[in-house]
Amino acid sequence: MKAYERFLKYIAVWTASDENSKSVPTTKRQLDLGALLVEEMKALGLSDVKMDEYGYVYGYLPATEGMEAVPALGLIAHLDTAPDYNGRDVKPQLIENYDGKDVELGTSGKVLTVKDFPRLSSYKGRTLITTDGTSLLGADDKAGVAEIMSMVAYLQSHPEISHGKICVAFTPDEEVGRGADFFDVKGFGADVAYT
């Protein structure tokens, strides 16, 4: 499965967090994506895959033979999407061979203009994935989740690539400023990490 295919699968799961909630995670719907990722991580052969009582998902890609002494690398992304705008029933639009001009977001009347987003035209000729304007797309941070999962899948299908231990985590509630509140840093075990 390609990264964009994973991304399209993940954005279909409604995961908006809730700044007014006192529960952890702030919405149970984040657990839906967490459970999906647990199953995918297990299918990819990661070890010690789990989702804890707070909705944090952890898994590990063991070091390849001879690379056990290399510092463990952590890769982290968050499951939730911003609660500020509708994140339910996402309808993405794929624009193949983008023409470099303004992008109409479905029939919503909303437009991504080159004037407001000057870098947009630099993507001419590429494929864009946008919302149809009726919801968030969810790229923050389901694109990060898709990239991490795709990298793990690539490494698993290319055993000739040497690497140290890779620690993977997906966290809830980042959009409401609580994503690190119950993160198990010690248990995660990474020497360095990127989020």
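Structure: see above.
Residues numbered from 1 in each chain as written. Predicted model: local features only at pLDDT ≥ 70, side-chain atom pairs only at ≥ 80, totals over all residues. Heavy atoms only, no water.

Draft legend 1. Up close: the nonpolar core. Membership of the largest hydrophobic core comes to 26 residues, with the highest contact counts inside it found for Tyr10, Leu37, Met41, Val145, Met149, Val168 and Phe170. Mapped onto this core, the elements with two or more residues apiece are α1 (3–11), α2 (29–43), β2 (57–61), β3 (73–78), α3 (139–157) and β8 (166–171). The biggest single contributor to this core is α3, with six residues. In this structure, Tyr10 is in contact with Leu33, Leu36, Leu37, Glu40, Lys142, Val145, Ala146 and Met149, ignoring residues within four places of it in sequence. By size, the runner-up hydrophobic cluster in this structure holds nine residues, among which are Tyr56, Ile76, Ala169 and Phe188. (Core = buried A, V, L, I, M, F, W, Y, C linked by side-chain atoms within 4.5 Å. Buried < 20%, exposed > 50% of the residue type's maximum accessible area, 1.4 Å probe, protein only. Helix = DSSP H or I, 4+ residues; strand = E, 2+ residues; numbered from the N terminus. Contact = heavy atoms within 4.5 Å.)

Draft legend 2. Representation of the side chain of Asp173 in the model. When you line up the elements, Asp173 lands in the loop between β8 and α4 (185–188). Buried charge without a salt bridge: Asp173, with Arg178 as the nearest opposite-charge side chain at an N-O distance of 5.6 Å. A distance of 2.9 Å separates the side chain of Asp173 from the side chain of Gln30, its partner in a polar contact. Once residues lying within four places of it in the same chain are set aside, the contact partners of Asp173 are Ser17, Pro25, Thr26, Gln30, Asp80, Arg178 and Gly179. (Lys, Arg positive; Asp, Glu negative; His and termini not counted. Salt bridge = Lys/Arg side-chain N within 4 Å of Asp/Glu carboxyl O. Polar contact = N/O pair within 3.5 Å; in protein donor to acceptor, adjacent residues only side chain to side chain.)

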